[in-house]
Amino acid sequence: MAPPAELRDWIARLEREGELVRIAAEVDPELEITEINDRTVKAGGPALLFENVKGSELPLLINQFGTERRMCLAFDAPSLDAVASKLSEVLEMQPPQGLVDKVRGLQKLKSIADSRPKTVRRAPCQDVVLEGDDASLDLLPIQKCWPNDAAAFITLPAVITHDPRTGTRNVGMYRMQKLGPRATAMHWQIHKDGRADYLATDGKIEVAVALGTDPITTYTASAPLPKHIDELMLAGFLRGEPVELVQAKTVELEVPANAEIILEGFIQKDELTDEGPFGDHTGYYTPAEPFPVFHLTAITMRRDAIYPSIVVGKPPQEDAWLGKATERIFLPAIRMTVPEIVDYDLPIAGAFHNCCIVSIRKAYPGHAQKVMHAIWGLGMLSLTKAIVVVDEWVDVHDYNEVLFRVGANVDPARDVLLTEGPLDHLDHAPTRQFYGGKLGIDATHKGPQEGTREWPPEIEMTPEVKELVDRRWEEYGIPLDGAAENGRMRQSSGPLRRLLRR
């Protein structure tokens, strides 16, 4: 199978795999869907298709990305690391040494060339065209997710703009607070490319919003790509076929042809409105702040369109696996910049930007600190608040083992680095918005060049005795529960980790 080409293919695949439930009962998009979804997500439950949403004729899809298995199904891959390997093959291309290498290299280059979006003249996303007063956001089952949210928010959009200086396309995922039937606020945060495009415009900037694209295209809208890389080209590469685009009706932008719904409009420079509060992925409400106003000029959509949504809040939520996909897929790119990195983990409970655990091939004194500073200078990872560095043999995804290394290997007077730098727009903890303290913890083994006493060896049983006990385990007749096999404890970081690895 190939990755799903459109949202409807994706829904059909989820149903075949037993990963989707249809709900015929009427539900309210104000708070009720959130509570249903929150319980489902935290139980590792299925995607939900609400077919009877109060106030709208459109069904609502939610929790499509809510487990590791569904993320892998979206990419048609056995694991997220397998998706990363596909990207790694391109990033690590070397000059060919022989004919076979040349052929393989040409195949890889062709796959990149074939990833560029393809323009079509007609598209399903324009089966229905509504302009002027007929174009109303009231048609959509937009959720109010949490009790203190200022209004209903569009939460899973792919927002398309062009850089006014270069014409480069940007596709980003920015929440949109409904202000009325034909206007929303646009949450372009200070560190985001959409905001950069907005700040570069002299008058107004045209905007298109795609709702209900295939799962890979939706994912790439959330991916932290460098500004010069087209998100839709990455989507085409990961899909194995180009994203088809069609010219929008009222703005000079191309939009995904197979999207369920397209919103077209513009944002006027320096027209701002209070946006928020909003119950955010930090687990707290982000307060009201001034953000640009999006004015709707048209809605186009497929017949019997399906509206996609997502809820963020105290982790774990559905966005956890969008974040984990980014963590895995972008590891090869991070290694290209910092090659001593073996692996890294962005804990879901840390809202991704609050903590990074990284393992390295340590080669010299101060190497851990060098890697900390490299991460604090690397794209969106620069917003990371705390970094823990461990040795290459430590499993960064096993939080029990990481905590053991922090407790065993850290002298706080020597191994803790406090510094300052930029922080996430949504972080409420720093005294100054956008800027504050950062913490680095060196939990690696230390050598004599770092001024330590002789480092003791770790306790390990000999391989021969382990093999002996494995062989004789049933003979001993010792009853153990399901957490052990041959008497060996399965490593786990508790109930949360077991839930998130479903």
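Quick look at the structure, then.

Reading the values: rules and limits
- Residues numbered from 1 in each chain as written.
- Predicted model: local features only at pLDDT ≥ 70, side-chain atom pairs only at ≥ 80, totals over all residues.
- Heavy atoms only, no water.
- Phe/Tyr/Trp six-rings, centres within 6.5 Å; stacked < 30°, edge-to-face > 60°.
- Helix = DSSP H or I, 4+ residues; strand = E, 2+ residues; numbered from the N terminus.
- Buried < 20%, exposed > 50% of the residue type's maximum accessible area, 1.4 Å probe, protein only.
- Core = buried A, V, L, I, M, F, W, Y, C linked by side-chain atoms within 4.5 Å.
- Contact = heavy atoms within 4.5 Å.
- Pairing = 2+ DSSP bridges.
- Axes fitted to C-alpha atoms, helices over the stretch in contact; angles between N-to-C directions.
- Salt bridge = Lys/Arg side-chain N within 4 Å of Asp/Glu carboxyl O.
- Polar contact = N/O pair within 3.5 Å; in protein donor to acceptor, adjacent residues only side chain to side chain.

Let us look at the packing of aromatic side chains. Per the stated rule, a full pass over the model turns up 5 aromatic pairs. Ring centres of Trp188 and Tyr198 lie 5.8 Å apart, and the angle between their planes is 40°; this geometry places the pair in the tilted category. Here Tyr198 lies in helix α6 (residues 193-200) and Trp188 lies in the loop between β10 (183-186) and α6, a separation of 10 residues in the sequence. Each member of the pair, Trp188 as well as Tyr198, carries the same accessibility label: buried. Note on Trp473 and Tyr476: the rings are 5.7 Å apart at their centroids and 80° apart in plane angle, and the pair reads as edge-to-face. Of this pair, Trp473 and Tyr476 are both found in helix α14 (residues 463-476), 3 residues apart, which corresponds to roughly one turn of the helix. Look at Trp473 and you get buried, because its relative accessible area is 18%. Given the relative accessible area of 32%, Tyr476 is considered partly exposed.

Attention shifts here to unusual backbone geometry. A cis geometry characterises the amide bond from Gly276 onward to Pro277, with omega recorded as 5°. Among the structural elements, Pro277 can be located in the loop between β14 (261-275) and β15 (278-279). Along the chain, Pro315 connects to Pro316 via a cis peptide bond; the corresponding omega equals 5°. In this structure, Pro316 sits in the loop between β18 (307-308) and α9 (319-329). One non-glycine residue with positive phi stands out, namely Leu31, at about 75°. Residue placement: Leu31 occurs in the loop between β1 (20-23) and α2 (32-42). Unlike most non-glycine residues, Phe434 shows phi in positive territory, near 80°. Tracing the backbone shows Phe434 in the loop between β22 (416-422) and β23 (435-442). When its relative accessible area of 22% is taken as the criterion, Phe434 is described as partly exposed.

Taken as a class, soluble globular proteins show a tendency for nonpolar side chains to be buried jointly. Residues Phe75, Ile341 and Val358 are the most contacted members of the largest nonpolar core, which totals 64 residues. Residue contacts for Val358: discarding those within four places in its chain leaves Ile341, Asp343, Tyr344, Val371, Ile375, Ile387, Val388, Val389, Val390 and Val396.

We now examine the sheet that holds β22. Taken in spatial order, the 5 strands line up as β19-β20-β21-β23-β22 in an open sheet, and their pairing is mixed. Either end of the sheet is taken by a strand with one partner, and the two such strands are β19 (341-345) and β22. The sheet shows a mean angle of 25° between the axes of neighbouring strands, taken without regard to direction. Bridge count for strand β20 (residues 355-360) against strand β21 (residues 386-391) is 6 bridges, and the pairing is parallel.

Looking now at the pairing of β19. Along β19, 5 of the 5 residues are buried, which leaves the element largely enclosed by surrounding structure. Two elements, β19 and β20, share 4 bridges in a ladder whose sense is antiparallel. Opposite Tyr344, over in β20, you have Val358 as the bridge partner.

Within the structure shown, the criterion is met by 35 salt bridges. In this structure, Arg302 and Glu6 form a salt bridge, with 3.2 Å as the shortest nitrogen-oxygen distance. In this pair, Arg302 sits in the loop between β17 (289-301) and β18 while Glu6 sits in the segment before α1 (7-16), placing the two residues 296 residues apart along the sequence. Each member of the pair, Arg302 as well as Glu6, is classed as buried. Put simply, Glu260 and Arg8 hold a salt bridge, and the shortest N to O gap is 2.9 Å. Taken together, the residues Glu260 in the loop between β13 (254-256) and β14 and Arg8 in helix α1 connect sequence positions 252 residues apart.

Right, let's get into the environment of Glu32. Here Glu32 lies in helix α2. Remark: the alpha-carbon pair of Glu32 and Lys144, spanning 112 residues in sequence, is separated by 9.0 Å.

Our next topic: helix α8 (residues 231-239). Within α8, 8 of the 9 residues are buried, leaving the element largely enclosed by the surrounding structure. Among all positions in α8, only Glu231, Leu232, Leu234, Ala235, Gly236, Phe237, Leu238 and Arg239 are buried. Where α8 starts, the residue carrying a side-chain oxygen 3.0 Å from the main-chain nitrogen of Leu232 turns out to be Asp230.

With that settled, the discussion passes to the sheet that holds β13. Taken in spatial order, the 3 strands of this open sheet run β4-β12-β13, and their pairing is mixed. Edge positions in the sheet fall to β4 (118-119) and β13, since each has one partner strand and no second. Note: β4 against strand β12 (residues 244-247), 2 bridges, orientation parallel. Of the residues in β12, the one forming a bridge with Lys118 is Glu244.

These figures capture arrangement, not role.
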